Amino acid sequence: MSKNLSFIQSLVKPWQPLTTLMVVGVILLGSGAGKLIHTNLFSIQPAIAAPTPRMYAQRITPSDVWQLVYQQLPDFPRENKYISKENGKVAENNTLVSRLIRYHVYTKGRAPIYRLDWKLTLADYLGANEIMYDTSYPGNDSLRENPIEGDRKAITHLTRSQRDALVQVLVNIFNPTSQKTQSPSPNITPNPTTSTPPQPPQRGGAELLR
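Per chain, residue numbering runs from 1 following the sequence as it is written. In view of the model being predicted, local features appear only for residues whose pLDDT reaches at least 70, and side-chain atom pairs are presented and counted only at 80 or more, with totals across whole chains, interfaces and linings using the full set of residues. Heavy atoms from the whole structure form the basis of all side-chain values; hydrogens and water molecules are not counted.

Q: Talk me through the nonpolar core; I want residue IDs and the actual numbers.
A: In this description, a nonpolar core means a group of buried Ala, Val, Leu, Ile, Met, Phe, Trp, Tyr and Cys residues linked to one another through side-chain atoms lying within 4.5 Å. Relative accessible area decides the class of each residue, using a 1.4 Å probe on protein chains only: under 20% of the type maximum gives buried, over 50% gives exposed, and in between gives partly exposed. Ranked by internal contacts, the top residues of the largest apolar core, which has 29 residues, are V69, F76 and I101. Every residue in contact with F76, bar those within four places of it in the chain, is listed here: Y70, L96, V97, I155, L158 and L166. When checking whether two residues touch, look at their non-hydrogen atoms; a contact exists if any pair is within 4.5 Å.

Q: Just give me the short version of the pattern of salt bridges, but keep the residues and values in it.
A: Salt bridge, as used here, is a side-chain nitrogen of Lys or Arg placed within 4 Å of a carboxyl oxygen of Asp or Glu. As enumerated under the stated definition, the model contains five salt bridges in all. Across the salt bridge formed by K108 and E130, the nearest N and O atoms sit 2.4 Å from each other. With K108 in the loop between α6 (96-107) and α7 (115-125) and E130 in the loop between α7 and α8 (148-156), this pair connects stretches of sequence that are 22 residues apart. For E130, a relative accessible area of 37% puts it in the partly exposed group. The residue D124 makes a salt bridge to R110 at a minimum N-O spacing of 2.9 Å. In this pair, D124 sits in helix α7 while R110 sits in the loop between α6 and α7, placing the two residues 14 residues apart along the sequence. Elements are defined by DSSP. Helices are runs of H or I of four residues or more, strands are runs of E of two residues or more, and each kind is numbered from the N terminus.

Q: Hey, could you go over the confidence of the model for the protein chain for me, with residue numbers and the actual values?
A: Of all residues in the protein chain, 56% attain a pLDDT of 70 or more, and the chain-wide mean is 75. Each residue gets a pLDDT score, which is the predictor's confidence in that residue and runs from 0 to 100. Confidence over residues 181-196 falls short of pLDDT 50; this stretch has two contacts with residues more than four positions distant or in other chains. Counting interchain partners and residues more than four positions distant, the pLDDT-below-50 stretch residues 204-210 has zero contacts.

Q: Describe in detail the packing of α7 against helix α9 (residues 160-174), supporting the description with residues and values.
A: What counts as an axis is a line fitted to C-alpha atoms, over the stretch in contact for a helix, and the angles between N-to-C directions run from 0 to 180 degrees. For the pair α7 and α9, the least separation of the axes is 9 Å and the interaxial angle reads 135°. Compared by their axis directions, α7 and α9 come out oblique. In this structure, α7 meets α9 at a crossing whose hand is right-handed. Of α9, the residues touching α7 (which contributes R115, W118, K119 and L122) are R163, D164, L166, V167, Q168, L170, V171 and F174. Polar here means any residue other than Ala, Val, Leu, Ile, Met, Phe, Trp, Tyr, Cys and Pro, which are nonpolar, and Asp, Glu, Lys and Arg, which are charged; Gly is therefore polar. Split by residue class, the contact of α7 with α9 holds seven nonpolar, one polar and four charged. Each angle receives one of four descriptions, namely roughly parallel if under 35 degrees, roughly antiparallel if over 145, roughly perpendicular if within 65 to 115, and oblique otherwise. In this scheme, a crossing is called left-handed if the near helix is turned counterclockwise away from the far one by less than a right angle; it is called right-handed if the turn is clockwise.

Q: Describe α8, with residues and values.
A: One turn of the α-helix equals 3.6 residues, which is why residues spaced by three or four share an orientation. Of the residues making up α8, those classed as buried are I148, D151, A154 and I155. Considered in projection along α8, the buried side chains sweep an arc of 130° and stay on one side of the axis. In α8, the exposed residues that point more than 90 degrees away from the buried face are E149 and K153. Turning to α8, the residues buried within the fold contact α6, α7 and α9. The arc in question is traced by the directions running from the helix axis to the C-beta atoms.

Put into structure tokens, the structure is as follows:
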């Protein structure tokens, strides 16, 4: 009999930790602590990553933006006469603005909601900032002729007011909550014909101050 009891104890002993753990689990669930643990574990929220230029671009695709830009700036150069490598036809939707946006967001990784970043991109086109490389320029892989030189020439021919208007339209589209900057009021200079000539000092002024 004692041999049988020892044998049974030898079988049960390895399972005692597991049995104890199961008992503790049942007690915790009955007391409500298990619910608290479950709530704490599954209520942990993942960390929110800081917004990146690619995230901004995913909200509004470049194909949507360039069309909105030309709606507001219909006279802006399109530069869309290049031939597609894929079908040999004119790629009318491959415009200057669409390539500029892709260069700004994807090639340079700049945020599309800040005026300064767009000004830096335009400075690249003007040769006053960072070097632009033919191989990484948008359109090089899809058009028979790399449009980089034609695009840089088109940007160079724009006036400063045209470039500023482009920047403002792009910022307004990507960030609709941004406030439009007010144009500076012109300086008002007095008309020489209506200016009042200096008057000589009146006599007796010293006596009035006594």
